[in-house]
Each structure stands twice: as structure tokens, then as C-alpha cells.
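Secondary and tertiary structure notes
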Amino acid sequence: DRDQDQGRDRDRDRDIEVALAQDSPDAKFLTDAVRGDVAEVKMGELAQERGTSEAVREFGKVLVEDHSSAMKKTAELAKDLNVIPPAQPSAEQTQKHDALARLSGAEFDRQFAAEMVKGHQEEIAKYEKQAASGDSKVAKLAEDLLPVLEEHLMVAQRLQSGDQPSSDRTRN
């Protein structure tokens, strides 16, 4: 019986440790980052399906590749820090996706570009804040991923302004 009690105590202590880890600023950043990556992968898939212009479809492909890679790195670090990465985007992110999914043609391309500009501006602000937060592995991850987000923002801004963006990684 005593062994069972000690085992339960250990499990309870581990659960408390995980719960505390989930509440830390680093954990919140990691959780939000993974949610953002999941949402961007879904948006990229949507752009590939519904985009009218080649530039929008190509940007969708880049979003899927880059955010899948970022999500893998972020989720691995989260697990290392006893943070459970989410599997789904937030309700707000899902609503934005669903609203875009109802559009088609040039209207889809316009709204998609506008959403990508706004979303990447917000993400860059969060990543910059996290990168400046200190000397942690999470701050380093944020710093490492910032250039990709900044590149996405530039492409989205060119799409929004009507220019045909050319990412260095756009392929035929």
C-alpha cells in the first residue's frame, strides 16, 4: 500500500509540475506559437486550394513548408520543457480560416493577403518580445524563427499591394 501511495504522490507531483510549466510565460509562448503554426499550415493549404493567382498558391505552399518545420521545432522544445503542445488552432484562428474558406476568386486572394499581413505583424511582435525576454531556449527559438516570419510578411505585403511577389524559394 505504501508503494502505491508513493507512486500516487509522484504522479501528483509530476502533474503539478506540468501544470506549473503550462502557466509559465515560456509555455504560453510555445503553446501560442504551435497554435499559430497549425493555423498557418491550414491557411497555406487553403491558399493552394482556393487561390486564384499563382503567387497566392505559391505563397500557400511556402507557408505549409515553413510553418510545418517551425511547428516541429517548437513542439519538440515544448515537450522538452514539459509543455503539452496543442494539436488545433485557437477558436479565433479557426473562425478566420472558415471565413476565408467561404470566399473565392480575386476576393479570396485579397482577403487572404490582408489576413496574412495582419497575422504576421502580430506574430512578429510576439516573437520579437520573446526573443528579447532573456537567455532561454525559448527566446533563442523565437529569435531563430523571426527571419522566416519577416519574409512571410514581406511576401504578404507585396501580394496585398498587387505586386507579384517572388520569394527566393518560389519554385515553378
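What counts and how
- The residue numbers shown here count from 1 along each chain, following its written sequence.
- Only residues with pLDDT of 70 or above have their local features reported here, since the model is predicted, and side-chain atom pairs are shown and tallied only from 80 upward, although totals for entire chains, interfaces and linings are computed over all residues.
- Side-chain figures throughout are based on the complete set of non-hydrogen atoms in the structure, without hydrogens or water.
- A cavity, in this analysis, means grid points on a 1 Å lattice covering only the protein atoms where a 1.4 Å probe fits yet has no way out; a pocket is instead an open set bounded by protein on both sides within 12 Å along at least five of seven lines, and a residue lines either one if it has an atom within 4 Å of a point.
- Grid points are joined across faces, edges and corners, and a volume is the space filled by probe spheres set on the points.
- In DSSP terms, a helix is any run of H or I states spanning at least four residues, a strand is any run of E spanning at least two, and both are numbered starting from the N terminus.
- Under the scheme applied here, ten amino acids are nonpolar (Ala, Val, Leu, Ile, Met, Phe, Trp, Tyr, Cys and Pro), four are charged (Asp, Glu, Lys and Arg), and all others, including Gly, are polar.
- Relative accessibility under 20% of the residue-type maximum defines a buried residue, over 50% an exposed one, and the middle range a partly exposed one, all with a 1.4 Å probe and only protein chains included.
- The contact criterion used throughout is that any non-hydrogen atoms of two residues lie within 4.5 Å.
- Aromatic rings from Phe, Tyr and Trp, taking only the six-membered ring of Trp, are treated as a pair when their centres fall within 6.5 Å; an angle between ring planes under 30 degrees marks them as stacked, one over 60 as edge-to-face, and anything in between as tilted.

Tallied over the entire structure, the rule returns 2 cavities of 30 Å³ or more. Roughly 50 Å³ of internal volume is contained in the second largest cavity. Around the second largest cavity sit Asp37, Asp66, His67, Ala70, Tyr127, Leu145, Val148 and Leu149, which together line it. Mapped onto the lining of the second largest cavity, the elements with two or more residues apiece are helix H3 (54–80) and helix H6 (137–161). Of the residues belonging to the lining of the second largest cavity, the class tally is 5 nonpolar, 1 polar and 2 charged.

This part takes up the environment of Gln160. Structurally, Gln160 can be placed in helix H6. Gln160 gets classed as partly exposed once you look at its relative accessible area, which sits at 45%. On a C-alpha basis, the gap between Gln160 and Met116 in space is 9.0 Å, while along the polypeptide they are 44 residues apart. Not counting chain neighbours up to four residues away, the residues in contact with Gln160 comprise Ala113, Ala114 and Val117.

Let us look at the packing of aromatic side chains. Under the counting rule described, the total for this entry stands at 3 aromatic pairs. Between Phe59 and Phe112, the aromatic rings sit 6.1 Å apart at their centres with planes inclined by 70 degrees, giving edge-to-face as the arrangement. Pair noted here: Phe59 is in helix H3 and Phe112 is in helix H5 (residues 105–131), with a separation of 53 residues, a long-range link. The class for Phe59 is buried, based on a relative accessible area of 3%. The buried category is assigned to Phe112, whose relative accessible area is 0%. Relative to Phe112, the ring of Phe108 lies with its centre 5.7 Å away and its plane at 15 degrees, an arrangement referred to as stacked. Of the two residues, Phe108 and Phe112 are both situated in helix H5; the distance of 4 residues between them amounts to about one turn of the helix.

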